[in-house]
2 protein chains.
Amino acid sequence: MSELLSPTYTRADEAFDCLQTAIVKGELAPGEKIGELELCSRFDLTRGPLREALGRLESRGLLVRRPHAGVKVVSVSASELMELYRIREVMEGLAARQAAERMTDQEIADLQATLDSHEQMIDEAQGQAYYQAEGDYDFHHRIATGSRNTKLAQMLLGDLYYMVRMYRYRLSTSTGRPKRALGEHRRIVEAIAQRDGELAEFLMKRHINAARQNIEKKIQEGEITI
Amino acid sequence: MSELLSPTYTRADEAFDCLQTAIVKGELAPGEKIGELELCSRFDLTRGPLREALGRLESRGLLVRRPHAGVKVVSVSASELMELYRIREVMEGLAARQAAERMTDQEIADLQATLDSHEQMIDEAQGQAYYQAEGDYDFHHRIATGSRNTKLAQMLLGDLYYMVRMYRYRLSTSTGRPKRALGEHRRIVEAIAQRDGELAEFLMKRHINAARQNIEKKIQEGEITI
DNA sequence: AGCGGTCATATTGTCAACAATATTGGCTAA
DNA sequence: TTAGCCAATATTGTTGACAATATGACCGCT
C-alpha cells in the first residue's frame, strides 16, 4: 500500500486500506470471527487506528460488529449479490447518461484507447480472466468518474465495486464472456461519443443486466457456489 | 438519543448519532472548521469514541477530515444537491419496482393507512411543512425497506436521505406542494398494490424528478439560497 | 512595505493501561 | 445424562497521557 500517495497518510488510512484489500481478496474469510489483537499483529497496527478503520468498514457494510462480541466479515448470499447487480444497473445507467453529457472529448478518446488495449490483451489470450476483470473494472471506473456526479462516483467506487470485486476474487471468475462484453463496452462508448445519453444509459443497463444473468445462470447450473 | 434501544449502545454509537443529527439539523454549520476537543465537551464524549464516529461520518460523506488540520462539515453546492436527486430518482425507482414485487399485503395496507393519516394532517393544516416533510420521509422510508434489497435500503437510508434531510432542515422548506405530492404518493402505492412494478418505478422516478425541478425552480428564482 | 522564513502553539495522531462485558468451561442439581 | 447456572477468562470499550504535525504570528530581509 503506497504510504507516499498522500503527504500525510495516517495509520487509520493504512489500516483501512489493508483491511479492505484483505477482505476483497478473500484473505479474511466471510463469516469468520476475528479479534482486534489478531488484526493488530497481522497488519502491524495498534488498536486505536484499527478501531477507527473498523468503524469506516462497518459503515460501508464490509463487516459487522457486535459490541463486546467481536467483528466478522460480512457474508453475502447469492441472492444478495444479484441485488447488488440490480443496483449497479440503475446507478451505472445514470452514470453513463451523465458521462455522455459531461465527459470531455479527451476523456472519451482515452476511454476508446483503453478499450483498444483491452482488445489486444484478449486477443493475445494470455491471462484472459485477469486482464478482462481489470479491464472491465477500469472501464466502469472511468464512466463513474466521468459522470461528474461526485456522490454517484463515491457510492459506486467506494461501496458497490468493492463488494462486487470481493466476489470476483472469491469466485476467481471474470464474466466469462470477454469478447462479448468488450463489444458492449464499445457500443456504450460510441453512444457517449455521440453525446447520446439516453442510448448510453440503455446500453449500460442492458450490459450489466446481461452480466447479472450470466452469473445467475452459472450459479443455478452449479458451476460456481457461494 | 435513546440509550436503551440496543442493549449495548457504545459511546461511539452515541457520538455517531449525536453528530449526525447535529449535522442534519444544521447545528454544525457546513464548511465550519471544528475541533475535536470542542466536540468532546459539547457532546460530553471522549476522543476515542469520537474519532471512531468521525471516521464513520467521513466514510458517509457528511464531513471531511484533513490530517492534522481538523474536521469540517461538508458543504454541498446547489448543483450537487440536484445531483443527489438524480441518484434518488434511479435508486428509488428501483426500490419502488422491487417493493411492488415483494411487499406483503399487510405492508401495503399499512402504507395506505399512513397516506390517509398524512392527508388528514395536511387537511388540518397545522404545521403543514413539518408533518409533510416527516410524512414524505416516512413514505420513502417504507418503500426503501419494502424493496427487500438490503444494500439498496442501506444506501438510501444511511447515505442519501441524511444528506437530503440536511438541506431540508437548512432550507426549512418542505417540497412546498404537499397536496400534489400526496396525490403522487397515492398513485405509486396504487401501482404497488396492483403489483405493477414497472409502473411503480415510472411513477416514483417522475415523482422525484418533479420534486427536483420544484427545488431547482425555487433556487433559480432566488427564493431559497444555498 | 511586501514577502519569505522560522519558531511557538495548539490541535491532531498515536499509544498503552484500565474498566466493562460477552463467551466458555465447569459444576451442580434435577 | 442433561439442562441450567455461575464464575473465570479473554476480548472489547474507554480513558488519559505522549508524540507528531499544521497553523499562525513574528521577525528579518529584499
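Here the structure is a predicted model, which means the values were calculated and not measured.

### Quick look at the overall build of chain A
From N to C terminus, chain A includes nine helices and three strands. The order of α-helices and β-strands along chain A, N terminus first, is α-β-α-α-β-β-α-α-α-α-α-α. For chain A, restricting intrachain contacts to residue pairs at least 6 apart in sequence, the fraction spanning at least 24 positions comes to 75%. Carbon and sulfur atoms make up 48% of the accessible area of chain A, which amounts to about 10600 Å² in all.

### Overview of unusual backbone geometry
Residues and elements named next belong to chain A. One non-glycine residue, arginine 148, lies in the positive phi region at around 60°. Counting through the fold element by element, arginine 148 comes out in the loop between α6 (128-146) and α7 (150-171). Residue arginine 148 is classed as partly exposed on the basis of its relative accessible area, which comes to 38%.

### Thoughts on the interface of chain B and chain A
Contacts between the two partners involve 32 residues from chain B, matched on the other side by 32 residues from chain A. Here chain B packs against chain A, burying approximately 2800 Å² in sum over the two surfaces, 54% of which is carbon and sulfur. Run the count over chain B and chain A and you get six salt bridges. Here A:Arg51 ties to B:Glu52 by a salt bridge, and the two come within 3.3 Å at their closest N and O atoms. Counting residues per element, the ones that place at least two in the side of chain B that touches chain A are α3 (47-59), α4 (78-102) and α7 (150-171) of chain B. Per-element accounting of the side of chain B that touches chain A gives the leading share, 11 residues, to α4(B). Here the residues of the side of chain B that touches chain A sort into 10 nonpolar, nine polar and 13 charged.

### Digging into the side chain of B:His140
Mapped onto the fold, B:His140 is located in helix α6 (residues 128-146). Not counting chain neighbours up to four residues away, the residues in contact with B:His140 comprise B:Arg88, B:Glu92, B:Tyr161, B:His185, B:Met204, B:His207 and B:Ile208.

### Some words on the packing of helix α4 (residues 78-102) of chain A against helix α9 (residues 197-220) of chain A
Residues and elements named next belong to chain A. Packing of α4 against α9 brings their axes to within 7 Å, and their N-to-C directions diverge by 165°. What the angle tells us is that α4 and α9 run roughly antiparallel. Every pair of crossing elements has a handedness; the one defined by α4 and α9 is right-handed.

### A word on the protein's contact with DNA strand C
Of all residues adjacent to DNA strand C, which total 19 residues, the nearest are A:Arg11, A:Thr46, A:Arg66, B:Arg47 and B:Arg51. Of what DNA strand C places within 4 Å of the protein, 82% of the atoms are sugar or phosphate. A distance of 3.1 Å is found between a phosphate oxygen of DNA strand C and a backbone nitrogen or oxygen belonging to B:Glu36. Separating a phosphate oxygen of DNA strand C from a side-chain N or O atom of B:Arg51 is a distance of 2.3 Å. Of all the secondary structure elements, the ones that give two or more residues to the surface near DNA strand C are α1 (11-24) of chain A together with α2 (36-43) and α3 of chain B.

### Here we look at the relation of the copies chain B and chain A
The two copies are related by a screw operation: chain B maps onto chain A through 180° of rotation and 0.0 Å of translation along the axis, at an RMSD of 0.0 Å. The operation mapping one copy onto its partner corresponds to a two-fold rotation axis. When you check the interface residues of chain B against chain A, 100% turn up at the interface there too, and the contact is symmetric in its surfaces.

### Here we look at the sheet that holds strand β2 (residues 63-66) of chain A
Pairing within the open sheet is antiparallel, and its three strands lie in the order β1-β3-β2 (chain A). Of all the strands in the sheet, just β1 (33-34) and β2 of chain A have a single pairing partner and so form its edges.

### Here's the deal with the state of the cysteines
All names here are of chain B. Applying the stated criterion across every chain, the model contains zero disulfides over all chains. The closest cysteine sulfur to the non-disulfide-bonded cysteine 18 is located on cysteine 40, 12 Å from its own sulfur. Judged by its relative accessible area of 8%, cysteine 40 falls in the buried class.

Definitions and limits used
- Residues numbered from 1 in each chain as written.
- Chains lettered and ligands numbered in written order.
- Predicted model: local features only at pLDDT ≥ 70, side-chain atom pairs only at ≥ 80, totals over all residues.
- Heavy atoms only, no water.
- Helix = DSSP H or I, 4+ residues; strand = E, 2+ residues; numbered from the N terminus.
- Contact = heavy atoms within 4.5 Å.
- Areas by Shrake-Rupley, 256 points an atom, 1.4 Å probe, with all protein chains shown as cover.
- Buried < 20%, exposed > 50% of the residue type's maximum accessible area, 1.4 Å probe, protein only.
- Buried area = accessible area lost by both parts, 1.4 Å probe.
- Salt bridge = Lys/Arg side-chain N within 4 Å of Asp/Glu carboxyl O.
- Nonpolar A, V, L, I, M, F, W, Y, C, P; charged D, E, K, R; others polar.
- Axes fitted to C-alpha atoms, helices over the stretch in contact; angles between N-to-C directions.
- Parallel < 35°, antiparallel > 145°, perpendicular 65-115°, else oblique.
- Left-handed = near helix turned anticlockwise from the far one by under 90°.
- Near = heavy atom within 4 Å.
- Polar contact = N/O pair within 3.5 Å; in protein donor to acceptor, adjacent residues only side chain to side chain.
- Least-squares fit on C-alpha atoms with pLDDT ≥ 70 in both.
- Pairing = 2+ DSSP bridges.
- Disulfide = S-S within 2.5 Å.

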